[in-house]
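Listed below, chain by chain, are the residues.
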Amino acid sequence: GSMSNQSHTYGVSKALTANAFTRTGYTFAGWNTKADGTGTSYTDKQSVSNLSSTDGATVTLYAKWTANTYTVTFNANDDTNKTVNQTFTYDVEQKLSSNTFERADYKFAGWNTIEDGTGTKYDDQQSVKNLTDKNNGVINLYAQWAPAQDTYEVKIGVKGEGTVSE
């Protein structure tokens, strides 16, 4: 979206118009006189004066943005209630931490956004990006467990002693 221009009078302090821009996954971090952020910085609604001494000059201020960070909380999804956290930055692809949970008689079968496995599935150490755009957001992933033995067969037999006659 665009913001309207604002008129200032030399020698008179006036607050900058409040930021009305939004950027998904980012938090507004103020204004700068240069697009690359190397110029003079101003905070939102900062009172300013004498941005230019040239009559009729146009001073362009560029919005500065900080990428949001969020946490992925890995849940053991067993009776231990153990969790491990990992921090992510919006727009930065990163691998999920390697699973460190163990469960007797079960093997780890990946992660899921829902405890019972009906949500979005993720593999161990899968590369992910932008799981949420909320600053300080939390995404819960739950360990999925499969029985350690895939299939097994139990044969119960009775060993006969001779023949049975009527």
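Residues numbered from 1 in each chain as written. Predicted model: local features only at pLDDT ≥ 70, side-chain atom pairs only at ≥ 80, totals over all residues. Heavy atoms only, no water.

(A) A look at the sheet that holds strand β10 (residues 121-122). Overall, mixed pairing links the 5 strands, which are arranged β7-β6-β12-β9-β10 in an open sheet. Bordering the open sheet on either side are β7 (83-89) and β10, each of which pairs with just one other strand. Two strands pair when backbone bridges link them, and strand β9 (residues 106-112) and β10 are joined in this way by 2 bridges, in the antiparallel orientation. Its bridge partner lying in β10, N112 is registered against K121. (Pairing = 2+ DSSP bridges. Helix = DSSP H or I, 4+ residues; strand = E, 2+ residues; numbered from the N terminus.)

(B) View of the environment of Q94. Of note, Q94 is situated in strand β8 (residues 94-95). The class of Q94 is partly exposed, set by a relative accessible area of 24%. Between the alpha carbons of Q94 and S127 there is a distance of 5.3 Å; along the sequence they are 33 residues apart. Ignoring anything within four residues of it in the chain, the contact list for Q94 reads Q86, T87, F88, Q126, S127 and V128. Engagement of the side chain of Q94 in a polar contact is seen with the backbone oxygen of T87, the distance being 3.3 Å. (Buried < 20%, exposed > 50% of the residue type's maximum accessible area, 1.4 Å probe, protein only. Contact = heavy atoms within 4.5 Å. Polar contact = N/O pair within 3.5 Å; in protein donor to acceptor, adjacent residues only side chain to side chain.)

(C) Molecular detail of the pairing of strand β12 (residues 138-147). Relative to β12, strand β6 (residues 69-75) runs parallel, the two being bridged by 5 bridges. Residue pairing across strands places T71 opposite V138, the latter belonging to β12. When β9 meets β12, the two strands line up antiparallel, connected through 5 bridges. Bridging across to β12, N112 finds its partner in Y142.

(D) The arrangement of the sheet that holds strand β2 (residues 26-32) in detail. Taken together, the 3 strands give an open sheet; going across it, the order is β3-β2-β5, and neighbouring strands pair in antiparallel fashion. Among the strands making up the open sheet, the edge pair consists of β3 (41-42) and β5 (62-67). Pairing of β2 with β5, which is carried by 5 bridges, proceeds in the antiparallel orientation. Residue pairing in the sheet places N32 in a bridge with Y62 of β5.

(E) View of unusual backbone geometry. In the Ramachandran plot, N77 falls in the positive-phi region, its phi being about 60 degrees despite a non-glycine side chain. Residue placement: N77 occurs in the loop between β6 and β7. Despite not being glycine, D91 shows a phi value in the positive range, around 70 degrees. Turning to its location among the elements, D91 is positioned in the loop between β7 and β8.

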